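# Structural overview for review
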Amino acid sequence: AQTVTQSQPEMSVQEAETVTLSCTYDTSESDYYLFWYKQPPSRQMILVIRQEAYKQQNATENRFSVNFQKAAKSFSLKISDSQLGDAAMYFCAYRQPFRVQGANSKLTFGKGITLSVRP
Amino acid sequence: DGGITQSPKYLFRKEGQNVTLSCEQNLNHDAMYWYRQDPGQGLRLIYYSQIVNDFQKGDIAEGYSVSREKKESFPLTVTSAQKNPTAFYLCASTFGRGPTTNEKLFFGSGTQLSVL
């Protein structure tokens, strides 16, 4: 079974600084998706970034980028120029793509990291 | 606008009572999911459905039941057998199997269930 581990329960960053959130996962599959979701105090889940395992290039979305190390099964999220609005809980998640024959469509989440931003 | 609607936002359950959480989507998505969120536990999958009239147990299905009679609707019943139902419940949906590259999971705004 696939597992996702976020070992740091809390992190803090100074406004305008850069912070990296860690995530590791375990799978025997070669084709899969990895995601980072943000959950602000409103508790609405927001997709931050997505990475396809077969793509070697790290995904980037504005101030958010990932460091995807497939061999090490590591998927960290870097937030540059941190803003007060970045304060939230961040979840790492894993799923097989639907194009894989017999793939299970369920999304497996880590336990989350609470990020606080100091003004 | 398309989206997922969960209701109610807050729900209270008495001892021995079954309660049903509603989830409706107008995104024409095939797959729908129910997750439970407890503090410090992340999101855990309760049930999911990839097609109408079919659903599978997730990791913590005991004490819960679902139905998928319509593509748009995936209600979750928390039965009296669920001894610790207090949690935040999230419904989600996505396009099912098929030649699509859009595999984003859309979430509802959640239901907070508490025990009286």
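Anyway, here's the lowdown on the structure attached to this text. (Residues numbered from 1 in each chain as written. Chains lettered and ligands numbered in written order. Predicted model: local features only at pLDDT ≥ 70, side-chain atom pairs only at ≥ 80, totals over all residues. Heavy atoms only, no water.)

## Considerations on the environment of Pro39(B)
All names here are of chain B. Mapped onto the fold, Pro 39 is located in the loop between β4 (31–38) and β5 (42–51). What makes Pro 39 exposed here is its relative accessible area of 80%. Linking Pro 39 and Phe 88, residues 49 residues apart in sequence, is a C-alpha distance of 9.0 Å. (Helix = DSSP H or I, 4+ residues; strand = E, 2+ residues; numbered from the N terminus. Buried < 20%, exposed > 50% of the residue type's maximum accessible area, 1.4 Å probe, protein only.)

## A look at the packing of aromatic side chains
Residues and elements named next belong to chain A. Counted under the stated rule, the structure contains 17 aromatic pairs over all chains. Taking the centre distance of 5.3 Å and the plane angle of 65° together, the rings of Tyr 25 and Tyr 32 count as edge-to-face. Summarising the burial analysis for this pair, Tyr 25 and Tyr 32 share the class buried. With centroids separated by 5.9 Å and ring planes inclined at 40°, the aromatic side chains of Tyr 33 and Phe 35 adopt a geometry described as tilted. Among the residues examined, Phe 35 registers a relative accessible area of 1% and is labelled buried. (Phe/Tyr/Trp six-rings, centres within 6.5 Å; stacked < 30°, edge-to-face > 60°.)

## What to know about the layout of surface pockets
Within this model, the largest pocket holds a volume of roughly 260 Å³. Residue lining of the largest pocket: 16 residues in total, with Thr108(A), Phe109(A), Leu43(B), Arg44(B) and Asp59(B) positioned closest to the centre. Of all elements in the fold, only β1 (3–5) and β11 (108–109) of chain A together with β5 of chain B reach the threshold of two or more residues within the lining of the largest pocket. No other element matches the three residues that β5(B) contributes to the lining of the largest pocket. Of the residues assigned to the lining of the largest pocket, the class counts are seven nonpolar, five polar and four charged. Of the volumes computed, that of the second largest pocket is approximately 210 Å³. (1 Å grid on protein atoms, 1.4 Å probe; cavity = no way out; pocket = protein on both sides within 12 Å on 5 of 7 lines; lining within 4 Å. Points joined across faces, edges and corners; volume = space filled by probe spheres on them. Nonpolar A, V, L, I, M, F, W, Y, C, P; charged D, E, K, R; others polar.)

## Remarks on the pattern of salt bridges
Using the criterion set out here, one finds six salt bridges over all chains in the structure. A salt bridge links Glu52(A) to Lys55(A); the shortest N-O distance between them is 3.5 Å. The partly exposed category is assigned to Lys55(A), whose relative accessible area is 40%. With a closest N to O distance of 3.4 Å, Lys71(B) and Asp30(B) form a salt bridge. Linking Lys71(B) in the loop between β7 (64–66) and β8 (76–78) with Asp30(B) in the loop between β3 (19–25) and β4, this pair joins segments that are 41 residues apart in sequence. Overall, Lys71(B) belongs to the partly exposed group, its relative accessible area being 25%. In the salt-bridge network here, residues are joined through shared partners; they are Arg36(B), Asp38(B) and Arg44(B). (Salt bridge = Lys/Arg side-chain N within 4 Å of Asp/Glu carboxyl O.)

## Here we look at the pairing of β4(B)
Residue and element names in this part refer to chain B. Of all the eight residues making up β4, eight are buried; the element is thus mostly covered by neighbouring parts of the structure. Of the two faces of β4, the one carrying Ala 31, Tyr 33, Tyr 35 and Gln 37 and the one carrying Met 32, Trp 34, Arg 36 and Asp 38 are both buried. Where β4 meets strand β9 (residues 87–94), seven bridges bridge the pair, whose relative direction is antiparallel. Bridge pairing in β9 links Trp 34 to Cys 91. Sheet topology places β4 next to β5; seven bridges connect them, and they run antiparallel. Opposite Asp 38, over in β5, you have Gly 42 as the bridge partner. Between the antiparallel neighbours β4 and β5 lie three residues, among them Gly 40 with a positive phi of about 75°. (Pairing = 2+ DSSP bridges.)

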